[in-house]
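Tertiary structure, described
Here's the letter readout for the chains.
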Amino acid sequence: MAPHPLARVPSLLALSGALLLSAGCGSGASSGEAAPSRGGKPVVVVTTTWEGAFAKAAGAEDIKVIVPQSVHHAPDYDPKPSDLAAVARADFVLYAPFEPYAAKIKEAAGSKAKLVEVNLDNDPDAVRAEVAELSRLFGTEEAASRWKSGFDTSYARLNEEVRAAWPGGRSPSVVTQVFTGWSAKLAGATTVGTYGPEAVTPAQLSELSAKKPALVLDNAHMSTGTVLPDSGAKQVRIVNYPGEDLDLLPVYRNAAAELKKAMSGS
């Protein structure tokens, strides 16, 4: 999903009229506070599966994803009335800074939910910090602690596996897209340059090729094609977004598998 503003938000406002009446009658907290949730568990609406996975890791159980996983570019998605109805019932609405339409969704649905900006970065340190913060908001610290324990163990194992695949036992040099740096860290690779989110310019092409990277870690959700043609670098497709199960760990497993495959020469 490319981080570009949503061009079509009028449909949200057109759909909001009928929802405003029902949403206005529901219970809600004052501005900046979450409305009371059912059974003491937070009702969370997220824009994409990425925010959804962070919410699940933090301990949320009632999670509604607005943008289907099949939509690779969120700006192309027009929320349905059912999406806005879900927002109207939510305690929290999670979004990323590059998704400005999240506020429009909340406004159109008349929701009293707390709007929470999430730092979408799969760097393990960023993930741990974000999950911990969300768990404090949700009141689910115990569940988040259990998740962190499993995550730390799995991440350490994957890191060891990828390092064991280094060609000749040496850290590979890589060029990363601005949103795939976390995969270089997973591999223990040496980052010699970055690019994006725009396509590489001729000047950048010359500069990055001169670094002689072994790998280019491309963002599958906003690929600009072959980044360094004729450079000899292998391009690795890195997926940032979790699946519909909202599980973050497969994102790391898949990246590890792709990295090992590239380094093995297969």
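As shown above, the structure is provided for reference.
In this report, the structure presented in the accompanying data block is examined. (Residues numbered from 1 in each chain as written. Predicted model: local features only at pLDDT ≥ 70, side-chain atom pairs only at ≥ 80, totals over all residues. Heavy atoms only, no water.)

A few words on the nonpolar core. Counting 48 residues, the largest nonpolar core has Leu-94 and Phe-138 as the members making the most contacts within it. Among the elements that make up this core, the one with the highest residue count is helix H9 (residues 249–264) (eight residues). Residue contacts for Leu-94: discarding those within four places in its chain leaves Val-44, Val-45, Val-46, Thr-47, Glu-51, Ala-55, Val-116, Val-118, Leu-134 and Phe-138. Grouped together as the second largest cluster of nonpolar side chains are 15 residues, Val-71, Leu-84, Val-87 and Tyr-101 included. (Core = buried A, V, L, I, M, F, W, Y, C linked by side-chain atoms within 4.5 Å. Buried < 20%, exposed > 50% of the residue type's maximum accessible area, 1.4 Å probe, protein only. Helix = DSSP H or I, 4+ residues; strand = E, 2+ residues; numbered from the N terminus. Contact = heavy atoms within 4.5 Å.)

Looking now at the pattern of salt bridges. The tally for this structure, following the rule as stated, stands at 11 salt bridges. A salt bridge links Lys-64 to Asp-83; the shortest N-O distance between them is 3.7 Å. Taken as a pair, Lys-64 in strand S2 (residues 62–65) and Asp-83 in helix H3 (residues 81–88) lie far apart in primary sequence, 19 residues in all. Lys-64 sits in the partly exposed class, given a relative accessible area of 30%. (Salt bridge = Lys/Arg side-chain N within 4 Å of Asp/Glu carboxyl O.)

Moving on, we get to the side chain of Ser-135. Its location among the elements puts Ser-135 in helix H5 (residues 124–138). Here Ser-135 is in contact with Ala-58, Thr-140, Glu-141 and Ala-144, once residues within four sequence places are set aside.

This next bit is on the environment of Ser-173. Looking at where Ser-173 falls in the secondary structure, it is placed in strand S5 (residues 173–177). In sequence terms Ser-173 and Ala-184 are 11 residues apart; their C-alpha atoms lie 9.2 Å from each other. Sequence-distant contacts of Ser-173, defined by excluding residues within four places in its chain, comprise Thr-190, Val-192, Lys-212, Pro-213, Ala-214 and Leu-215. At 3.4 Å, the side chain of Ser-173 forms a polar contact with the backbone oxygen of Lys-212. (Polar contact = N/O pair within 3.5 Å; in protein donor to acceptor, adjacent residues only side chain to side chain.)

Following Gly-196, the chain continues into Pro-197 via a peptide bond in cis, with omega recorded as 5°. In this structure, Pro-197 sits in the loop between strand S6 (190–195) and helix H8 (202–210). Residue Lys-212 is not a glycine yet carries a positive backbone phi of 55°. With respect to the element layout, Lys-212 can be found in the loop between H8 and strand S7 (215–219). Phi at Leu-246 takes a positive value of approximately 55°, unusual for a residue other than glycine. Mapped onto the elements of the fold, Leu-246 is located in the loop between strand S8 (234–238) and H9. Residue Leu-246 is classed as buried on the basis of its relative accessible area, which comes to 10%.

All chains considered together, the criterion is met by seven aromatic pairs. Seen in terms of ring centroids, Tyr-155 and Tyr-252 are 5.8 Å apart; in terms of plane orientation they differ by 80°. Their pairing is edge-to-face. With Tyr-155 in helix H6 (residues 141–164) and Tyr-252 in helix H9, this pair connects stretches of sequence that are 97 residues apart. The two residues Tyr-155 and Tyr-252 agree in class, both being buried. An aromatic cluster is defined as three or more aromatic residues linked by ring pairs; in this entry it consists of Trp-147, Phe-151, Tyr-155, Trp-182 and Tyr-252. (Phe/Tyr/Trp six-rings, centres within 6.5 Å; stacked < 30°, edge-to-face > 60°.)

Residue pairs spaced three or four apart in an α-helix point in one direction, given the helix's 3.6 residues per turn. For H5, with 15 residues, the first-to-last C-alpha span of 21 Å sits near the 21 Å given by 1.5 Å per residue. Listed in full, the buried residues belonging to H5 are Pro-124, Ala-126, Val-127, Glu-130, Val-131, Leu-134, Ser-135 and Phe-138. End-on view of H5: buried residues confined to an arc of 160°, all on one side of the axis. Looking at where H5 begins, the residue whose side-chain oxygen comes 3.0 Å from the main-chain nitrogen of Asp-125 is Asp-123. Note on H5: the residue one or two positions beyond its end, Gly-139, has a positive phi of about 75°. (Expected span 1.5 Å × (residues − 1). Arc of directions from axis to C-beta.)

An order of S6-S5-S7-S8 is seen for the four strands of this open sheet, with the pairing classed as parallel. With partners counted over all chains shown, the strands left at the sheet margins are S6 and S8, one partner each. The average angle at which neighbouring strand axes cross in this sheet is 25°, direction not considered. Note: S5 against S7, three bridges, orientation parallel. (Pairing = 2+ DSSP bridges. Axes fitted to C-alpha atoms, helices over the stretch in contact; angles between N-to-C directions.)

Bringing the sheet that holds strand S4 (residues 114–117) into the picture now. Ordered by their spatial adjacency, four strands build an open sheet running S2-S1-S3-S4, and the pairing between neighbours is parallel. This sheet does not close on itself; its edge strands, each paired only once, are S2 and S4. Between one strand axis and the next, the sheet turns by 25° as a mean value, whatever way the strands run. The sheet contact formed by strand S1 (residues 43–46) and S2 spans four bridges and is parallel. Its bridge partner lying in S2, Val-43 is registered against Asp-62.

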